[in-house]
Amino acid sequence: FERHRDDILAHIPKNVKEGFREIGFTKWGKTFLPVIQLSPFDVEPGKVRDQWMTMFENCRAKKRPMTVLIFWYGVTWENRSEAYSFVPKNKVHSYQEGVSKGYNILPPKIQKKKQSGKILSSIEEQHLSGLSQVEEELKRTKEDRIKWMTQ
């Protein structure tokens, strides 16, 4: 496994590898939600890793730019299989860029709903929970991020 992993990692473009475990924001509908870019080896063996390997092989064969694997913060543990997406690298905004655009702040509409005791939609709950998770992740070193996902 180690040799296979090292061989795969050696063939990933530097700009993609540098993004592994970097926190940022990606658009979902009309909202930017917090995400983290992942290596295929940050996820447990199975469907998501297999999809990454297929994408990687197709991109290499067709000489296309790779998409990046992201995890959407805020998705509940029970629904974590739905928490992954593949997006073009240029659709992931860095954390710093997102902060400068206010993506790290809960939108006023959701704040008002929460304060008035109204029930939040599932995507609003995800947004609220995701921002909270990111605050915790930012306290960790890049190497220690997302370890809770594989425990």
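Residues numbered from 1 in each chain as written. Predicted model: local features only at pLDDT ≥ 70, side-chain atom pairs only at ≥ 80, totals over all residues. Heavy atoms only, no water.

Peer 1: Give me the overall build of the protein chain: which residues, what numbers.
Peer 2: Helix and strand counts for the protein chain stand at six helices and five strands. Element order for the protein chain, N to C, with α for helix and β for strand: α-α-β-β-α-β-β-β-α-α-α. Relative to the 2.2 N^0.38 estimate, which gives 15 Å for 151 residues, the radius of gyration of the protein chain is 16 Å and therefore close to what a compact globule would have. Residues counted as buried form 40% of the 151 residues belonging to the protein chain. In the protein chain, 61% of the contacts between residues at least 6 apart in sequence involve partners at least 24 apart. Put simply, the protein chain shows about 9,300 Å² of open surface, and 52% of that area lies on carbon and sulfur atoms. Of the charged side chains in the protein chain, 27 are positive and 19 negative, and the gap between their average positions amounts to 7 Å. (Helix = DSSP H or I, 4+ residues; strand = E, 2+ residues; numbered from the N terminus. Rg over C-alpha atoms; globule rule 2.2 N^0.38 Å. Buried < 20%, exposed > 50% of the residue type's maximum accessible area, 1.4 Å probe, protein only. Contact = heavy atoms within 4.5 Å. Areas by Shrake-Rupley, 256 points an atom, 1.4 Å probe, with all protein chains shown as cover. Lys, Arg positive; Asp, Glu negative; His and termini not counted. Charge placed at Lys NZ, Arg CZ, Asp CG, Glu CD.)

Peer 1: Run through the packing of aromatic side chains, naming residues and quoting values.
Peer 2: A complete count under the given rule lists seven aromatic pairs for this structure. Between F25 and Y95 the ring centres are 5.7 Å apart and the planes differ by 20°, which places this aromatic pair in the stacked class. Of the two residues, F25 is situated in strand 1 (residues 23-28) and Y95 in helix 4 (residues 95-100); the sequence distance between them amounts to 70 residues. For F25, a relative accessible area of 0% gives the class buried. Cluster of aromatic residues (ring-pair linked, three or more members): F25, F32, Y95 and Y103. Taking NZ or CZ as reference, R80 lies 3.9 Å from the ring centre of W77, over its face. (Phe/Tyr/Trp six-rings, centres within 6.5 Å; stacked < 30°, edge-to-face > 60°. Lys NZ or Arg CZ within 6 Å of the ring centre and 35° of its normal.)

Peer 1: Help me get a handle on the side chain of E137, residues and values and all.
Peer 2: Within the element layout of this structure, E137 appears in helix 6 (residues 122-137). The class for E137 is buried, based on a relative accessible area of 1%. A polar atom in the side chain of E137 sits 2.9 Å from the side chain of Y73. (Polar contact = N/O pair within 3.5 Å; in protein donor to acceptor, adjacent residues only side chain to side chain.)

Peer 1: Just give me the short version of the pairing of strand 1, but keep the residues and values in it.
Peer 2: The pairing of strand 1 with strand 2 (residues 31-38) spans six bridges and is classified as antiparallel. Of the residues in strand 2, the one forming a bridge with T26 is L33. In this sheet, strand 5 (residues 93-94) lies alongside strand 1 in antiparallel orientation, the contact comprising two bridges. From the neighbouring strand, F25 faces strand 5, where its bridge partner is H93. (Pairing = 2+ DSSP bridges.)

Peer 1: Give me the lowdown on the nonpolar core, citing residues and values where you can.
Peer 2: Counting residues in hydrophobic clusters, the biggest one holds 39 residues, and the most contacted among them are I12, L38, W52 and M66. It is helix 3 (residues 47-62) that provides the largest number of residues to this core, a total of six residues. (Core = buried A, V, L, I, M, F, W, Y, C linked by side-chain atoms within 4.5 Å.)

Peer 1: Account for unusual backbone geometry, naming residues and giving values.
Peer 2: The phi dihedral of R21 falls on the positive side, at around 65°, and the residue is not glycine. Tracing the backbone through its elements, the reader meets R21 in the loop between helix 2 (14-17) and strand 1. A residue is classified by how much of its surface remains accessible, and R21, at 18% relative accessible area, is buried. For K63, which is not glycine, the phi dihedral falls at a positive 55°.

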